[in-house]
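For reference, the chains in residue letters:
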Amino acid sequence: MTECRIYNTLGNLLATFDTTNMPPVITIGRSSKCTVSLKGVADTTVSREHLVMERMLNKWTITNKSRFGMFKSGVKYVTTELEEGDIIRFTKLFLCYGTTARPAPYDISWTIEGEEAPQRAVLWPGLNSIGASNDNYITVRTPDVSRIHGYINVL
């Protein structure tokens, strides 16, 4: 029995499911035909069928089916085996695999000149990249922020 949860960058829970009662192939995406449909909670950066989880014996693997990619511990993967505590980032969403996988109790905020409200994002256990590129865990789009501007390692 493995609990899975999907969060956004603010740490809001969007979906939850348990692999025990699921078929051996689980699709995750915006399509209402997906096993785990994110229709209505995900933007168009999430593909109709973004991720596929497959059970092989007693292990699950996850495969990226989108053009945007998926990351585990800051490394881009096409396919990887899932282990308790893994956090998979896909676009600006996070799939937490197992009961120990969850956002860190910390967040980061920043202000953008000309905007009244500060921006905010939760931090995740491990390496969090910050920069202007969408490939970062935290995207900050201002003229003074480079593509990959820095890292915060949450231990």
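Our subject is the structure that appears above.
Keep in mind that this is a model prediction, so the values were computed, not measured. (Residues numbered from 1 in each chain as written. Predicted model: local features only at pLDDT ≥ 70, side-chain atom pairs only at ≥ 80, totals over all residues. Heavy atoms only, no water.)

**Student:** Just to check I follow, could you spell out the layout of surface pockets for this structure?
**Tutor:** Any empty space left between atoms is shown by rolling a water-sized probe over those atoms. There is about 210 Å³ of room inside the largest pocket. Taken together, 17 residues line the largest pocket, and the ones lying closest to its centre are Asn8, Thr9, Leu10, Asp43 and Lys92. Residue assignment for the lining of the largest pocket shows that the elements contributing at least two residues are strand S13 (119-122) and strand S15 (138-139). Looking at the lining of the largest pocket, its residues break down into nine nonpolar, five polar and three charged. As for the second largest pocket, its lining consists of 13 residues, of which Phe71, Gly74, Ser129, Asp135 and Tyr151 are closest to the centre. Split by residue class, the lining of the second largest pocket holds five nonpolar, five polar and three charged. (1 Å grid on protein atoms, 1.4 Å probe; cavity = no way out; pocket = protein on both sides within 12 Å on 5 of 7 lines; lining within 4 Å. Points joined across faces, edges and corners; volume = space filled by probe spheres on them. Helix = DSSP H or I, 4+ residues; strand = E, 2+ residues; numbered from the N terminus. Nonpolar A, V, L, I, M, F, W, Y, C, P; charged D, E, K, R; others polar.)

**Student:** Please explain the sheet that holds strand S1 (residues 3-8) as it appears in this structure.
**Tutor:** Two pairing modes exist for strands in a sheet, parallel and antiparallel, and in both the strands are linked by backbone hydrogen bonds. Reading across from one edge, S2-S1-S11-S10-S7-S8 is the order of the six strands in this open sheet, with antiparallel pairing throughout. With partners counted over all chains shown, the strands left at the sheet margins are strand S2 (13-18) and strand S8 (75-77), one partner each. Looking at each pair of strands side by side, their axes are set apart by 25 degrees on average, direction ignored. The pairing of S1 with strand S11 (residues 93-97) spans five bridges and is antiparallel. Bridge assignment links Arg5 to a residue of S11, and that residue is Cys96. (Pairing = 2+ DSSP bridges. Axes fitted to C-alpha atoms, helices over the stretch in contact; angles between N-to-C directions.)

That's the geometry; what it means functionally is another story.
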